[in-house]
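Residues per chain, in single letters:
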Amino acid sequence: MGDLTEAAGCVRPADGFDLDVTQTDLAAPTRLDAASLDLLFAGARTTNTFTPEPVDPDVVHRAYDQLRWAPTSMNIQPLRLTALVSRAARESVVAHLGPRNQAKTLAAPLSVVAAYDPAFHTHLDVLAPHREGLREQLEGQPERRDAMARTNALIQLGYLIVALRAEGLQVGPIGGLDPLGVDAAVHAENGWRTLAVLNLGHAPDPADPTAQRPRAGRLEAAQAVLTR
Ligand SMILES: Cc1cc2nc3c(=O)[nH]c(=O)nc-3n(C[C@H](O)[C@H](O)[C@H](O)COP(=O)(O)O)c2cc1C
């Protein structure tokens, strides 16, 4: 198998090494400990305003390097990300956010546009070699491609939020925006389609009582999970 590294109970290809599958290492622990689970879920909060400590855009690459292993339908992986590093890029996107989302996005240490690529099928020779002929079939089916890409990129967006939390970041997702306006601002050259903006920081702003809103309720598992 060649150049493999072990991480989090899995054997996976080393960075840049293009293997087709990962393999579970059955000897390794198979469950996260309570502190790790807390970092990702019950202990994590949506954050509106952050301390000014900068967020290095490399963290988005690291989070992507993790989430890319999580599953999508036929392994199509349509999520695409644009880190808004320049002030001009940030302002061009903020102009298309809902009024209550603008100031906090301008002030966030880093903002990332999450989108889907309706031309994901051009990568299927690599991503889905088991589906011979699918790329050619999808070429003439733009509406089917759009639906597949949107659904699966939204699944990857959930993975992304968890992957960013795993990097120790606080995340503030923004869905209240004009997607066509954001597309015109940052996707004119690649045709990607906006799903959301994620604001990222290291900690909530201690001077802002609304940095994190009071935790709202959650459904009990018994309300959401049936056993038949
Ligand atoms: C896809 C998505 C879109 C969201 N859009 C907005 C938004 O436009 N504005 C906003 O203030 N919060 C937005 N939120 C934040 C949610 O309201 C928040 O994550 C949820 O209430 C849970 O909050 P908690 O993590 O503090 O418990 C969004 C969250 C997600 C996942």
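Placed above this text is the structure.
Everything quoted here is computed from the prediction, not taken from an experiment.

Rules of the game
Residues numbered from 1 in each chain as written. Predicted model: local features only at pLDDT ≥ 70, side-chain atom pairs only at ≥ 80, totals over all residues. Heavy atoms only, no water. Helix = DSSP H or I, 4+ residues; strand = E, 2+ residues; numbered from the N terminus. Buried < 20%, exposed > 50% of the residue type's maximum accessible area, 1.4 Å probe, protein only. Polar contact = N/O pair within 3.5 Å; in protein donor to acceptor, adjacent residues only side chain to side chain. Contact = heavy atoms within 4.5 Å. Near = heavy atom within 4 Å. Areas by Shrake-Rupley, 256 points an atom, 1.4 Å probe, with all protein chains shown as cover. Nonpolar A, V, L, I, M, F, W, Y, C, P; charged D, E, K, R; others polar. Arc of directions from axis to C-beta.

A. Structural context of the environment of D33. Relative to the assigned elements, D33 resides in the loop between β3 (23–24) and α1 (34–40). A relative accessible area of 47% places D33 in the partly exposed class. With 29 residues separating them in the primary sequence, D33 and R62 have C-alpha atoms 22 Å apart. Polar side-chain contacts of D33 include one of 2.7 Å to the side chain of S36.

B. A look at the side chain of N101. The topology assignment puts N101 in helix α4 (residues 99–107). A residue is classified by how much of its surface remains accessible, and N101, at 14% relative accessible area, is buried. Within the structure, the side chain of N101 is placed 3.1 Å from the backbone oxygen of G176, a separation counted as a polar contact. Other than its neighbours up to four places away in sequence, N101 contacts I174 and G176.

C. Just the site of the ligand, in detail. Around the ligand lies a shell formed by R45, T46, N101, K104, P173, I174, G175, G176, R215 and R218. Residue T46 places a side-chain N or O atom 2.6 Å away from an oxygen atom belonging to the ligand. Between the ligand and K104, the relevant distance is 2.7 Å, taken from an oxygen atom to a side-chain nitrogen or oxygen of the residue. Computed on the free molecule, the ligand has an accessible area of 630 Å², of which 59% lies beneath the protein chains in the complex. At the level of secondary structure, the elements contributing two or more residues to the shell around the ligand comprise α4 and β6 (170–174). Split into classes, the residues belonging to the shell around the ligand amount to two nonpolar, four polar and four charged.

D. Layout of the side chain of Q156. Position of Q156 among the secondary structure elements: in helix α7 (residues 142–166). Within polar-contact distance, the side chain of Q156 engages the backbone nitrogen of L79 at 2.8 Å. Not counting residues within four places of it along the chain, the set of residues in contact with Q156 comprises L67, T72, Q77, P78 and L79.

E. Inspection of helix α3 (residues 87–94) at higher detail. Within α3, burial applies to R90, V93 and V94. Looking straight down α3, one finds that the buried residues subtend no more than 100 degrees of arc, so they occupy a single side. Along its buried surface, α3 packs onto β4 (79–84), α4, β5 (110–116), α8 (179–186) and β7 (193–201).

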